[in-house]
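Structural overview for review
Each chain is listed here by its residues.
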Amino acid sequence: MLQISSALPAQNLNLFQAGRNSFKCKQSSPLIRCSSSSLLTSQSVKPVSYELNKQHLANLEKLLPKKSLEPNQADSLPVGPVPKVSGNGSWVNRGRALLEGVNVPRVWPERKVAEEMSPRHMNRLQRLLSKTPEYSPRNNLGSRWREYHGCNDWLGLLDPLDENLRRELVRYGEFVQAAYHSFHSNPALSAEEPPLPHPVALPDRSYKVTKSLYATSSVGLPKWVDDFAPDLSWMTQRSSWMGYVAVCDDRREIQRMGRRDIVIALRGTSTCLEWAENMRAQLVEYPQDCCDKETEPDQGQSKVECGFLSLYKTRGVQVPSLAESLEEEVKRLVELYKGEPLSITVTGHSLGAALAILVGDELSTCSPSMPPIAVFSFGGPRVGNRGFANQINENNNVKVLRIVNNQDVITRVPGLPMMEGFDDNITPLAYTHVGTELRVDSKMSPYLKPNADVACCHDLEAYLHLVDGYLASNCPFRANAKRSLVKLVNEQRSNVKQLYTNKAKALSLNLERQGLANSYCLPSPS
(Lines give C-alpha, C1' and ligand atoms only; values in the text may rest on other atoms or scores of the structure.)
Protein backbone atom coordinates (compact mmCIF):
# COMPACT_ATOMS: atom_id res chain seq x y z
CA MET A 1 0.00 0.00 0.00
CA LEU A 2 1.07 3.60 -0.64
CA GLN A 3 2.27 5.06 2.63
CA ILE A 4 0.63 8.47 2.64
CA SER A 5 1.64 9.02 6.26
CA SER A 6 5.30 9.17 5.29
CA ALA A 7 4.69 12.03 2.87
CA LEU A 8 2.31 14.17 4.97
CA PRO A 9 2.54 15.87 8.36
CA ALA A 10 0.90 14.26 11.34
CA GLN A 11 -1.88 16.84 11.60
CA ASN A 12 -3.22 15.77 8.16
CA LEU A 13 -3.21 12.02 8.74
CA ASN A 14 -6.80 11.96 9.92
CA LEU A 15 -7.93 13.38 6.54
CA PHE A 16 -6.87 10.22 4.74
CA GLN A 17 -7.45 7.36 7.18
CA ALA A 18 -11.03 6.79 6.01
CA GLY A 19 -10.02 6.48 2.39
CA ARG A 20 -6.55 4.90 2.48
CA ASN A 21 -8.04 1.43 1.87
CA SER A 22 -10.34 2.66 -0.87
CA PHE A 23 -7.75 3.48 -3.53
CA LYS A 24 -7.33 0.90 -6.24
CA CYS A 25 -4.99 1.24 -9.19
CA LYS A 26 -6.61 0.77 -12.56
CA GLN A 27 -5.33 1.63 -16.01
CA SER A 28 -8.63 3.42 -16.77
CA SER A 29 -8.80 5.46 -13.56
CA PRO A 30 -9.38 9.15 -14.31
CA LEU A 31 -7.73 10.18 -11.05
CA ILE A 32 -4.42 8.32 -10.75
CA ARG A 33 -2.63 6.71 -13.66
CA CYS A 34 -0.18 3.98 -12.72
CA SER A 35 2.60 2.25 -14.65
CA SER A 36 2.89 -1.48 -15.07
CA SER A 37 4.74 -1.64 -11.75
CA SER A 38 1.70 -0.82 -9.69
CA LEU A 39 2.09 1.08 -6.46
CA LEU A 40 -1.12 -0.36 -5.04
CA THR A 41 -1.97 -3.90 -4.22
CA SER A 42 -4.50 -5.72 -6.33
CA GLN A 43 -6.60 -6.86 -3.46
CA SER A 44 -10.34 -6.36 -3.79
CA VAL A 45 -11.60 -3.07 -2.34
CA LYS A 46 -14.86 -1.19 -2.56
CA PRO A 47 -15.07 1.40 -5.38
CA VAL A 48 -14.43 4.92 -4.21
CA SER A 49 -17.15 7.54 -4.73
CA TYR A 50 -16.72 10.73 -6.70
CA GLU A 51 -17.40 12.87 -3.66
CA LEU A 52 -14.74 11.04 -1.60
CA ASN A 53 -12.20 11.46 -4.40
CA LYS A 54 -13.06 15.14 -4.58
CA GLN A 55 -12.53 15.45 -0.82
CA HIS A 56 -9.14 13.75 -1.05
CA LEU A 57 -8.07 16.05 -3.85
CA ALA A 58 -9.27 19.07 -1.91
CA ASN A 59 -7.23 18.02 1.08
CA LEU A 60 -4.19 17.43 -1.09
CA GLU A 61 -4.48 20.84 -2.70
CA LYS A 62 -4.60 22.52 0.70
CA LEU A 63 -1.07 21.28 1.29
CA LEU A 64 0.32 23.19 -1.68
CA PRO A 65 0.85 26.93 -2.13
CA LYS A 66 -1.23 28.61 -4.82
CA LYS A 67 0.61 28.81 -8.11
CA SER A 68 -0.72 30.34 -11.32
CA LEU A 69 -0.65 28.15 -14.40
CA GLU A 70 -0.32 29.20 -17.98
CA PRO A 71 -3.41 28.51 -20.13
CA ASN A 72 -1.95 25.38 -21.71
CA GLN A 73 0.20 24.34 -18.79
CA ALA A 74 -2.51 22.26 -17.14
CA ASP A 75 -2.72 19.93 -20.09
CA SER A 76 1.04 19.47 -20.14
CA LEU A 77 1.42 18.38 -16.50
CA PRO A 78 3.33 15.10 -16.19
CA VAL A 79 1.13 12.06 -15.81
CA GLY A 80 2.67 8.78 -14.81
CA PRO A 81 3.91 6.78 -11.83
CA VAL A 82 4.08 8.61 -8.55
CA PRO A 83 7.78 9.30 -7.93
CA LYS A 84 9.54 8.29 -4.74
CA VAL A 85 10.32 10.98 -2.24
CA SER A 86 13.15 11.24 0.22
CA GLY A 87 12.48 11.34 3.91
CA ASN A 88 14.52 14.48 4.56
CA GLY A 89 12.54 16.81 2.19
CA SER A 90 10.11 19.43 3.42
CA TRP A 91 6.44 18.55 3.72
CA VAL A 92 5.60 20.94 0.85
CA ASN A 93 7.97 19.14 -1.52
CA ARG A 94 6.61 15.77 -0.44
CA GLY A 95 3.05 16.86 -1.08
CA ARG A 96 4.00 18.25 -4.48
CA ALA A 97 5.73 15.01 -5.40
CA LEU A 98 2.65 13.05 -4.45
CA LEU A 99 0.46 15.18 -6.75
CA GLU A 100 2.70 14.94 -9.78
CA GLY A 101 0.86 11.80 -10.81
CA VAL A 102 -2.52 13.45 -10.45
CA ASN A 103 -3.85 15.94 -13.05
CA VAL A 104 -5.77 18.11 -10.54
CA PRO A 105 -6.88 20.91 -12.92
CA ARG A 106 -8.42 18.33 -15.26
CA VAL A 107 -10.18 16.32 -12.55
CA TRP A 108 -11.38 19.10 -10.26
CA PRO A 109 -12.41 22.44 -11.82
CA GLU A 110 -12.70 25.66 -9.87
CA ARG A 111 -15.22 25.49 -7.06
CA LYS A 112 -17.24 28.49 -8.21
CA VAL A 113 -17.67 27.14 -11.71
CA ALA A 114 -18.51 23.72 -10.29
CA GLU A 115 -21.27 25.21 -8.16
CA GLU A 116 -22.72 27.26 -11.03
CA MET A 117 -22.67 24.23 -13.31
CA SER A 118 -24.13 21.86 -10.73
CA PRO A 119 -26.99 19.59 -11.93
CA ARG A 120 -29.52 21.46 -9.77
CA HIS A 121 -28.43 24.85 -11.09
CA MET A 122 -28.31 23.68 -14.70
CA ASN A 123 -31.73 22.04 -14.49
CA ARG A 124 -33.13 25.39 -13.38
CA LEU A 125 -31.27 27.18 -16.17
CA GLN A 126 -32.64 24.71 -18.70
CA ARG A 127 -36.15 25.46 -17.43
CA LEU A 128 -35.58 29.22 -17.77
CA LEU A 129 -34.29 28.69 -21.30
CA SER A 130 -37.22 26.52 -22.32
CA LYS A 131 -39.50 27.49 -25.18
CA THR A 132 -42.58 27.49 -22.95
CA PRO A 133 -42.62 30.65 -20.77
CA GLU A 134 -43.46 30.27 -17.11
CA TYR A 135 -45.11 32.99 -15.08
CA SER A 136 -45.63 33.73 -11.43
CA PRO A 137 -49.17 32.84 -10.38
CA ARG A 138 -51.85 35.49 -10.74
CA ASN A 139 -53.54 35.81 -7.39
CA ASN A 140 -56.94 37.32 -6.80
CA LEU A 141 -56.50 41.05 -6.13
CA GLY A 142 -60.13 41.47 -5.12
CA SER A 143 -60.79 44.31 -2.72
CA ARG A 144 -57.07 45.31 -2.61
CA TRP A 145 -56.90 46.43 -6.24
CA ARG A 146 -56.84 50.13 -5.30
CA GLU A 147 -53.82 49.47 -3.10
CA TYR A 148 -51.99 47.76 -5.98
CA HIS A 149 -53.11 50.61 -8.23
CA GLY A 150 -51.30 53.12 -6.01
CA CYS A 151 -53.96 54.74 -3.85
CA ASN A 152 -51.40 54.78 -0.98
CA ASP A 153 -48.38 55.35 -3.22
CA TRP A 154 -47.61 51.61 -2.97
CA LEU A 155 -46.65 52.03 0.69
CA GLY A 156 -45.33 48.74 2.11
CA LEU A 157 -45.42 46.98 -1.28
CA LEU A 158 -42.03 47.91 -2.76
CA ASP A 159 -39.34 46.92 -0.25
CA PRO A 160 -39.75 43.98 -0.07
CA LEU A 161 -41.61 43.79 -3.38
CA ASP A 162 -45.07 42.32 -3.03
CA GLU A 163 -45.44 39.20 -5.19
CA ASN A 164 -48.78 40.34 -6.62
CA LEU A 165 -47.39 43.75 -7.53
CA ARG A 166 -44.36 42.11 -9.15
CA ARG A 167 -46.58 40.02 -11.39
CA GLU A 168 -48.71 43.03 -12.33
CA LEU A 169 -45.64 45.12 -13.21
CA VAL A 170 -44.27 42.40 -15.49
CA ARG A 171 -47.69 42.02 -17.11
CA TYR A 172 -47.99 45.75 -17.87
CA GLY A 173 -44.42 45.78 -19.19
CA GLU A 174 -45.39 43.08 -21.66
CA PHE A 175 -48.15 45.36 -22.98
CA VAL A 176 -45.40 47.81 -23.92
CA GLN A 177 -43.39 45.02 -25.55
CA ALA A 178 -46.45 44.28 -27.70
CA ALA A 179 -46.45 47.94 -28.79
CA TYR A 180 -42.79 47.72 -29.82
CA HIS A 181 -43.38 44.52 -31.76
CA SER A 182 -46.48 45.84 -33.51
CA PHE A 183 -44.75 49.04 -34.62
CA HIS A 184 -41.62 47.37 -35.99
CA SER A 185 -43.68 44.77 -37.83
CA ASN A 186 -45.24 47.58 -39.90
CA PRO A 187 -43.69 50.99 -39.16
CA ALA A 188 -44.59 52.87 -42.37
CA LEU A 189 -47.49 55.32 -42.32
CA SER A 190 -48.96 57.01 -45.37
CA ALA A 191 -49.15 60.80 -45.24
CA GLU A 192 -51.84 60.92 -47.96
CA GLU A 193 -54.61 58.68 -46.58
CA PRO A 194 -55.99 57.87 -43.15
CA PRO A 195 -54.23 54.92 -41.49
CA LEU A 196 -55.82 51.49 -41.35
CA PRO A 197 -56.30 49.69 -38.01
CA HIS A 198 -52.94 48.55 -36.71
CA PRO A 199 -52.85 44.86 -35.63
CA VAL A 200 -51.49 44.19 -32.13
CA ALA A 201 -50.72 40.76 -30.69
CA LEU A 202 -51.60 41.31 -27.04
CA PRO A 203 -49.80 39.21 -24.41
CA ASP A 204 -53.04 38.94 -22.42
CA ARG A 205 -56.02 37.57 -24.34
CA SER A 206 -58.46 38.92 -21.78
CA TYR A 207 -57.90 42.40 -23.28
CA LYS A 208 -58.99 43.75 -26.66
CA VAL A 209 -57.56 46.73 -28.54
CA THR A 210 -60.03 49.59 -29.01
CA LYS A 211 -57.87 52.42 -30.39
CA SER A 212 -54.56 52.98 -32.19
CA LEU A 213 -52.52 55.97 -31.05
CA TYR A 214 -50.26 58.18 -33.17
CA ALA A 215 -47.64 60.75 -32.25
CA THR A 216 -46.51 63.54 -34.59
CA SER A 217 -43.29 65.53 -34.50
CA SER A 218 -43.35 69.28 -35.04
CA VAL A 219 -39.97 69.18 -36.79
CA GLY A 220 -39.12 67.70 -40.16
CA LEU A 221 -36.16 66.67 -42.29
CA PRO A 222 -35.31 67.78 -45.85
CA LYS A 223 -36.91 65.77 -48.65
CA TRP A 224 -33.51 64.69 -50.00
CA VAL A 225 -33.15 62.47 -46.92
CA ASP A 226 -36.09 60.34 -48.10
CA ASP A 227 -34.73 60.30 -51.64
CA PHE A 228 -31.36 59.11 -50.35
CA ALA A 229 -32.86 56.12 -48.44
CA PRO A 230 -36.39 55.46 -49.74
CA ASP A 231 -36.62 52.08 -47.97
CA LEU A 232 -36.16 53.81 -44.61
CA SER A 233 -38.67 56.59 -45.13
CA TRP A 234 -40.52 55.49 -41.99
CA MET A 235 -37.50 56.65 -39.98
CA THR A 236 -38.12 60.23 -41.13
CA GLN A 237 -41.94 60.32 -41.23
CA ARG A 238 -43.48 62.98 -39.01
CA SER A 239 -46.38 60.83 -37.73
CA SER A 240 -45.87 57.30 -36.40
CA TRP A 241 -47.90 54.65 -34.64
CA MET A 242 -47.12 55.11 -30.93
CA GLY A 243 -49.25 52.63 -29.05
CA TYR A 244 -52.80 51.57 -28.32
CA VAL A 245 -55.71 51.57 -25.91
CA ALA A 246 -57.03 48.18 -24.73
CA VAL A 247 -59.79 47.22 -22.35
CA CYS A 248 -60.35 44.04 -20.36
CA ASP A 249 -63.50 42.25 -21.51
CA ASP A 250 -63.03 38.85 -19.84
CA ARG A 251 -65.37 38.33 -16.90
CA ARG A 252 -63.02 35.99 -15.01
CA GLU A 253 -60.11 38.43 -15.31
CA ILE A 254 -62.34 41.33 -14.27
CA GLN A 255 -63.35 39.36 -11.19
CA ARG A 256 -59.70 38.52 -10.41
CA MET A 257 -58.58 42.15 -10.69
CA GLY A 258 -61.62 43.52 -8.86
CA ARG A 259 -62.46 45.99 -11.66
CA ARG A 260 -62.48 46.49 -15.41
CA ASP A 261 -59.09 47.82 -16.48
CA ILE A 262 -58.32 50.19 -19.36
CA VAL A 263 -54.68 49.98 -20.51
CA ILE A 264 -52.79 52.64 -22.47
CA ALA A 265 -49.45 51.28 -23.73
CA LEU A 266 -46.81 53.52 -25.34
CA ARG A 267 -43.53 52.41 -26.96
CA GLY A 268 -40.18 54.22 -26.80
CA THR A 269 -38.04 56.11 -29.30
CA SER A 270 -37.82 54.47 -32.74
CA THR A 271 -37.66 57.10 -35.51
CA CYS A 272 -35.16 59.84 -36.32
CA LEU A 273 -37.65 62.62 -35.65
CA GLU A 274 -38.54 61.14 -32.27
CA TRP A 275 -34.84 61.20 -31.41
CA ALA A 276 -34.70 64.81 -32.58
CA GLU A 277 -37.61 65.70 -30.30
CA ASN A 278 -35.84 64.02 -27.37
CA MET A 279 -32.94 66.40 -27.87
CA ARG A 280 -35.13 69.51 -27.47
CA ALA A 281 -34.41 69.67 -23.76
CA GLN A 282 -35.51 73.24 -22.98
CA LEU A 283 -38.36 73.62 -20.51
CA VAL A 284 -41.59 75.18 -21.85
CA GLU A 285 -44.83 76.13 -20.15
CA TYR A 286 -47.21 73.21 -19.76
CA PRO A 287 -50.70 74.11 -21.07
CA GLN A 288 -53.53 72.53 -19.09
CA ASP A 289 -56.38 72.54 -21.59
CA CYS A 290 -58.61 70.19 -19.62
CA CYS A 291 -57.91 71.58 -16.21
CA ASP A 292 -59.68 74.53 -14.64
CA LYS A 293 -57.54 74.42 -11.51
CA GLU A 294 -55.08 77.28 -11.16
CA THR A 295 -51.49 76.62 -10.21
CA GLU A 296 -50.67 77.31 -6.57
CA PRO A 297 -48.33 80.29 -6.15
CA ASP A 298 -45.79 78.33 -4.07
CA GLN A 299 -45.60 75.56 -6.68
CA GLY A 300 -44.12 77.71 -9.40
CA GLN A 301 -45.04 77.57 -13.08
CA SER A 302 -45.47 74.02 -14.38
CA LYS A 303 -43.05 73.34 -17.23
CA VAL A 304 -42.12 70.23 -19.24
CA GLU A 305 -39.57 69.26 -21.87
CA CYS A 306 -40.26 70.86 -25.24
CA GLY A 307 -39.79 67.68 -27.31
CA PHE A 308 -42.09 65.52 -25.18
CA LEU A 309 -44.84 68.13 -25.27
CA SER A 310 -44.45 68.48 -29.04
CA LEU A 311 -44.99 64.76 -29.64
CA TYR A 312 -47.96 64.78 -27.29
CA LYS A 313 -49.83 67.81 -28.67
CA THR A 314 -48.94 68.06 -32.39
CA ARG A 315 -51.56 67.00 -34.96
CA GLY A 316 -50.64 65.06 -38.09
CA VAL A 317 -51.93 65.46 -41.63
CA GLN A 318 -54.15 62.38 -41.41
CA VAL A 319 -54.15 61.66 -37.67
CA PRO A 320 -55.17 63.62 -34.57
CA SER A 321 -52.70 64.41 -31.84
CA LEU A 322 -51.93 61.85 -29.15
CA ALA A 323 -53.66 64.01 -26.55
CA GLU A 324 -56.85 64.36 -28.62
CA SER A 325 -57.05 60.64 -29.41
CA LEU A 326 -56.66 59.61 -25.80
CA GLU A 327 -59.13 62.11 -24.39
CA GLU A 328 -61.80 61.08 -26.90
CA GLU A 329 -61.29 57.32 -26.48
CA VAL A 330 -61.03 57.28 -22.69
CA LYS A 331 -64.16 59.39 -22.30
CA ARG A 332 -65.99 57.01 -24.64
CA LEU A 333 -64.93 53.94 -22.64
CA VAL A 334 -65.76 55.53 -19.29
CA GLU A 335 -69.25 56.35 -20.57
CA LEU A 336 -69.63 52.87 -22.11
CA TYR A 337 -68.84 51.08 -18.84
CA LYS A 338 -70.52 53.59 -16.59
CA GLY A 339 -71.61 52.05 -13.29
CA GLU A 340 -68.79 49.45 -13.20
CA PRO A 341 -65.64 49.76 -11.11
CA LEU A 342 -63.01 51.05 -13.57
CA SER A 343 -59.32 51.84 -13.56
CA ILE A 344 -56.96 53.38 -16.09
CA THR A 345 -53.39 52.07 -16.30
CA VAL A 346 -50.90 54.01 -18.44
CA THR A 347 -47.64 52.18 -19.09
CA GLY A 348 -44.63 53.04 -21.23
CA HIS A 349 -40.90 52.61 -21.70
CA SER A 350 -38.30 55.31 -22.35
CA LEU A 351 -39.99 58.02 -24.45
CA GLY A 352 -43.29 56.19 -23.88
CA ALA A 353 -42.74 56.49 -20.13
CA ALA A 354 -42.35 60.28 -20.43
CA LEU A 355 -45.50 60.55 -22.55
CA ALA A 356 -47.35 58.27 -20.09
CA ILE A 357 -46.81 60.83 -17.32
CA LEU A 358 -48.24 63.61 -19.50
CA VAL A 359 -51.18 61.36 -20.40
CA GLY A 360 -51.91 60.44 -16.78
CA ASP A 361 -51.80 64.05 -15.60
CA GLU A 362 -54.06 65.40 -18.33
CA LEU A 363 -56.63 62.59 -18.22
CA SER A 364 -56.98 62.94 -14.45
CA THR A 365 -58.37 66.47 -14.85
CA CYS A 366 -60.51 66.04 -17.96
CA SER A 367 -63.64 64.79 -16.24
CA PRO A 368 -64.94 64.74 -12.65
CA SER A 369 -66.04 61.12 -13.18
CA MET A 370 -62.59 59.95 -14.34
CA PRO A 371 -61.61 56.64 -12.65
CA PRO A 372 -58.33 56.36 -10.72
CA ILE A 373 -55.23 56.46 -12.92
CA ALA A 374 -51.91 54.67 -12.35
CA VAL A 375 -48.76 55.23 -14.43
CA PHE A 376 -46.13 52.47 -14.59
CA SER A 377 -42.98 53.96 -16.09
CA PHE A 378 -40.06 51.73 -17.20
CA GLY A 379 -36.73 53.48 -17.72
CA GLY A 380 -38.34 56.89 -18.11
CA PRO A 381 -36.40 60.17 -18.34
CA ARG A 382 -37.24 63.29 -16.38
CA VAL A 383 -40.24 65.12 -17.82
CA GLY A 384 -40.64 68.53 -16.17
CA ASN A 385 -39.54 70.96 -13.50
CA ARG A 386 -40.31 71.07 -9.80
CA GLY A 387 -43.64 72.85 -10.38
CA PHE A 388 -44.77 70.03 -12.69
CA ALA A 389 -43.60 67.38 -10.20
CA ASN A 390 -45.49 69.06 -7.35
CA GLN A 391 -48.62 69.29 -9.49
CA ILE A 392 -48.63 65.54 -10.14
CA ASN A 393 -47.58 64.51 -6.63
CA GLU A 394 -50.48 66.49 -5.16
CA ASN A 395 -53.01 65.05 -7.61
CA ASN A 396 -54.81 62.26 -5.76
CA ASN A 397 -56.40 60.84 -8.91
CA VAL A 398 -53.13 59.91 -10.64
CA LYS A 399 -50.28 57.91 -9.12
CA VAL A 400 -46.89 57.33 -10.75
CA LEU A 401 -44.57 54.38 -10.10
CA ARG A 402 -41.21 54.68 -11.85
CA ILE A 403 -39.19 51.47 -12.29
CA VAL A 404 -35.55 52.56 -12.54
CA ASN A 405 -32.41 50.54 -13.24
CA ASN A 406 -29.58 51.95 -11.15
CA GLN A 407 -27.23 51.55 -14.15
CA ASP A 408 -29.57 53.20 -16.69
CA VAL A 409 -28.27 56.64 -17.73
CA ILE A 410 -31.53 57.49 -19.53
CA THR A 411 -33.27 57.91 -16.18
CA ARG A 412 -30.78 60.70 -15.33
CA VAL A 413 -31.58 62.90 -18.36
CA PRO A 414 -32.56 65.51 -19.43
CA GLY A 415 -31.04 68.02 -17.07
CA LEU A 416 -28.12 67.73 -14.70
CA PRO A 417 -28.28 65.36 -11.69
CA MET A 418 -26.94 67.98 -9.29
CA MET A 419 -29.67 70.41 -10.41
CA GLU A 420 -32.64 68.15 -9.62
CA GLY A 421 -35.20 69.96 -7.48
CA PHE A 422 -33.80 73.43 -8.19
CA ASP A 423 -36.01 76.24 -9.43
CA ASP A 424 -35.91 76.62 -13.22
CA ASN A 425 -35.39 80.34 -12.73
CA ILE A 426 -31.91 79.48 -11.50
CA THR A 427 -31.01 77.05 -14.28
CA PRO A 428 -32.87 76.13 -17.50
CA LEU A 429 -32.11 72.41 -16.93
CA ALA A 430 -33.68 72.08 -13.48
CA TYR A 431 -35.65 68.87 -14.06
CA THR A 432 -37.27 66.83 -11.27
CA HIS A 433 -38.56 63.26 -11.22
CA VAL A 434 -42.16 62.61 -10.20
CA GLY A 435 -43.97 59.93 -8.24
CA THR A 436 -42.70 56.87 -6.36
CA GLU A 437 -39.59 54.97 -7.35
CA LEU A 438 -38.79 51.24 -7.48
CA ARG A 439 -35.03 50.93 -8.00
CA VAL A 440 -33.51 47.73 -9.40
CA ASP A 441 -29.92 47.04 -10.41
CA SER A 442 -28.62 45.04 -13.38
CA LYS A 443 -25.49 44.22 -11.36
CA MET A 444 -27.66 42.10 -9.07
CA SER A 445 -28.64 39.74 -11.89
CA PRO A 446 -26.60 36.50 -11.84
CA TYR A 447 -27.01 36.25 -15.62
CA LEU A 448 -25.98 39.73 -16.83
CA LYS A 449 -22.39 40.94 -16.94
CA PRO A 450 -21.58 43.57 -14.28
CA ASN A 451 -20.31 45.87 -17.04
CA ALA A 452 -23.39 45.54 -19.27
CA ASP A 453 -23.55 48.34 -21.83
CA VAL A 454 -25.93 51.31 -21.95
CA ALA A 455 -28.36 49.64 -24.36
CA CYS A 456 -28.71 46.57 -22.14
CA CYS A 457 -29.26 48.60 -18.98
CA HIS A 458 -32.06 50.50 -20.76
CA ASP A 459 -33.59 47.51 -22.57
CA LEU A 460 -37.19 46.74 -21.62
CA GLU A 461 -36.67 42.97 -21.47
CA ALA A 462 -33.75 43.54 -19.10
CA TYR A 463 -36.08 45.66 -16.95
CA LEU A 464 -38.70 42.91 -16.77
CA HIS A 465 -35.96 40.37 -15.98
CA LEU A 466 -34.76 42.53 -13.07
CA VAL A 467 -38.27 43.16 -11.74
CA ASP A 468 -39.04 39.44 -11.87
CA GLY A 469 -35.93 38.69 -9.82
CA TYR A 470 -36.21 41.58 -7.36
CA LEU A 471 -36.95 40.74 -3.72
CA ALA A 472 -35.81 43.73 -1.69
CA SER A 473 -33.09 46.36 -1.67
CA ASN A 474 -30.96 44.31 0.72
CA CYS A 475 -31.58 40.88 -0.85
CA PRO A 476 -29.93 39.09 -3.78
CA PHE A 477 -31.69 38.11 -7.00
CA ARG A 478 -34.48 35.71 -6.08
CA ALA A 479 -33.63 32.08 -6.80
CA ASN A 480 -37.17 31.15 -7.87
CA ALA A 481 -37.55 33.79 -10.60
CA LYS A 482 -39.99 32.57 -13.23
CA ARG A 483 -39.33 34.71 -16.30
CA SER A 484 -37.77 32.89 -19.26
CA LEU A 485 -34.23 33.90 -20.24
CA VAL A 486 -34.70 33.10 -23.93
CA LYS A 487 -35.57 36.62 -25.05
CA LEU A 488 -32.92 38.17 -22.81
CA VAL A 489 -30.18 35.89 -24.22
CA ASN A 490 -31.42 36.45 -27.77
CA GLU A 491 -31.51 40.25 -27.52
CA GLN A 492 -28.57 40.86 -25.17
CA ARG A 493 -26.26 37.96 -25.96
CA SER A 494 -23.11 40.08 -25.67
CA ASN A 495 -24.18 41.28 -22.21
CA VAL A 496 -25.09 37.86 -20.81
CA LYS A 497 -22.35 36.02 -18.94
CA GLN A 498 -20.49 33.65 -21.23
CA LEU A 499 -21.13 30.76 -18.87
CA TYR A 500 -24.85 30.90 -19.70
CA THR A 501 -24.55 31.61 -23.41
CA ASN A 502 -22.23 28.63 -23.72
CA LYS A 503 -24.61 26.48 -21.72
CA ALA A 504 -27.47 27.59 -23.94
CA LYS A 505 -25.50 26.23 -26.90
CA ALA A 506 -24.76 23.04 -25.00
CA LEU A 507 -28.48 22.61 -24.39
CA SER A 508 -28.94 22.71 -28.18
CA LEU A 509 -31.25 25.70 -28.01
CA ASN A 510 -31.57 27.44 -31.34
CA LEU A 511 -32.75 30.79 -30.04
CA GLU A 512 -33.06 32.35 -33.47
CA ARG A 513 -35.61 29.75 -34.57
CA GLN A 514 -38.01 30.03 -31.67
CA GLY A 515 -40.17 32.64 -33.38
CA LEU A 516 -38.56 35.55 -31.57
CA ALA A 517 -38.18 38.81 -33.41
CA ASN A 518 -34.93 40.71 -33.39
CA SER A 519 -34.40 43.29 -30.68
CA TYR A 520 -37.23 45.78 -30.93
CA CYS A 521 -36.57 47.75 -27.75
CA LEU A 522 -34.36 50.49 -29.19
CA PRO A 523 -32.51 52.60 -26.63
CA SER A 524 -33.37 56.24 -26.12
CA PRO A 525 -30.55 58.74 -26.74
CA SER A 526 -28.01 59.11 -23.95
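Residue numbers run consecutively from 1 along every chain, following the written order of its sequence. It should be noted that, the model being predicted, local features are given only for residues of pLDDT at least 70 and side-chain atom pairs only at 80 or more, the latter also being counted only at that level, while totals for whole chains, interfaces and linings use all residues. To obtain the side-chain values, all non-hydrogen atoms of the structure were included, while hydrogens and water were left out.

The protein chain is annotated in an unreviewed UniProt entry as Fungal lipase-type domain-containing protein from Erythroxylum novogranatense. UniProt positions are given in the numbering used here, feature names are shortened, and annotations may be inferred rather than shown by experiment. Reading the Sequence similarities (unreviewed entry) entry of the UniProt record for the protein chain gives the comment "Belongs to the AB hydrolase superfamily. Lipase family." In UniProt, the protein chain has this text filed under Subcellular location (unreviewed entry): "Plastid, Chloroplast".

**Here we look at the packing of aromatic side chains**
Stacked, tilted and edge-to-face are the three classes assigned to paired rings of Phe, Tyr and Trp, where Trp is represented by its six-membered ring and a pair needs centres within 6.5 Å; plane angles under 30 degrees give stacked, over 60 edge-to-face, the rest tilted. Summed over all chains, the structure comprises seven aromatic pairs. On the numbers, 6.4 Å between centres and 80° between planes, the contact of Tyr447 with Phe477 is edge-to-face. Taken together, the residues Tyr447 in the loop between β9 (436–440) and α15 (454–458) and Phe477 in the loop between α16 (460–469) and α17 (486–491) connect sequence positions 30 residues apart. The residues Tyr447 and Phe477 share a single accessibility class, namely buried. By the ring-pair criterion, three or more aromatic residues cluster together here, those being Trp154, Tyr172, Phe175, Tyr207 and Phe376. Criterion for a charge above a ring: Arg CZ or Lys NZ at most 6 Å from the ring centre, at most 35 degrees from the ring normal. The aromatic ring of Tyr172 is capped on one face by Arg171, whose charged end is 4.8 Å from the ring centroid. Only runs of H or I of at least four residues qualify as helices and only runs of E of at least two qualify as strands under DSSP, and these elements are numbered from the N terminus. The rule is simple: take the accessible area with a 1.4 Å probe, protein chains only, and divide by the maximum for that residue type; under 20% is buried, over 50% is exposed, in between is partly exposed.

**Considering the pairing of strand β6 (residues 342–349)**
The buried count for β6 comes to eight of eight residues, which makes it a mostly enclosed element. Of the strand pairs in this sheet, strand β3 (residues 260–266) and β6 are connected by seven bridges, and their pairing is parallel. Looking at β6, one finds that Asp261 is bridged to Ser343. By the convention used here, strands pair only if DSSP detects at least 2 bridges between them. Pairing between β6 and strand β7 (residues 373–378): six bridges, direction parallel. The residue of β7 that forms the bridge with His349 is Phe378.

**Points about the pairing of β9**
Side-chain positions along a regular strand alternate between the two faces of the sheet. Where burial is concerned, the two faces of β9 differ: the one with Thr436, Leu438 and Val440 is buried and the one with Glu437 and Arg439 is not. Pairing of strand β8 (residues 398–405) with β9 involves five bridges; the strand directions are parallel. Following the sheet pairing, Asn405 is matched in β9 by Val440.

**A look at the pattern of salt bridges**
Once their charged atoms are close, side chains differing in charge can pair, the charge on each being opposite to the other. Only one rule defines a salt bridge in this text: a Lys or Arg side-chain nitrogen within 4 Å of an Asp or Glu carboxyl oxygen. Going through the model one piece at a time under the given rule, you end up with 20 salt bridges. Its salt-bridge partner being Glu174, residue Arg483 comes within 2.8 Å of it at the nearest N-O pair. With a gap of 309 residues between them, Arg483 in the loop between α16 and α17 and Glu174 in helix α7 (residues 163–185) connect regions that are remote in the sequence. Look at Glu174 and you get buried, because its relative accessible area is 9%. Taken together, the shared-partner salt bridges connect Glu168, Arg171, Asp204, Glu253 and Arg256 into one network.

**Let's talk about the environment of Leu165**
Along the chain, the position of Leu165 falls in helix α7. Note on Leu165: relative accessible area 0%, which makes it buried. The spatial distance from the C-alpha of Leu165 to the C-alpha of Arg138 is 9.9 Å, given a sequence separation of 27 residues. The contact partners of Leu165, leaving out residues within four places of it in the chain, are Tyr148, Trp154, Leu157 and Leu158. Contact criterion: two residues are considered in contact whenever any of their non-hydrogen atoms come within 4.5 Å of each other.

**What to know about unusual backbone geometry**
For the peptide bond that leads from Asp159 to Pro160, omega is 5°, which places it in the cis range. Here Pro160 shows up in the loop between α6 (145–148) and α7. The peptide bond linking Val413 to Pro414 adopts the cis configuration, its omega dihedral lying at -5°. Considering the arrangement of structural elements, one finds Pro414 in the loop between β8 and β9.

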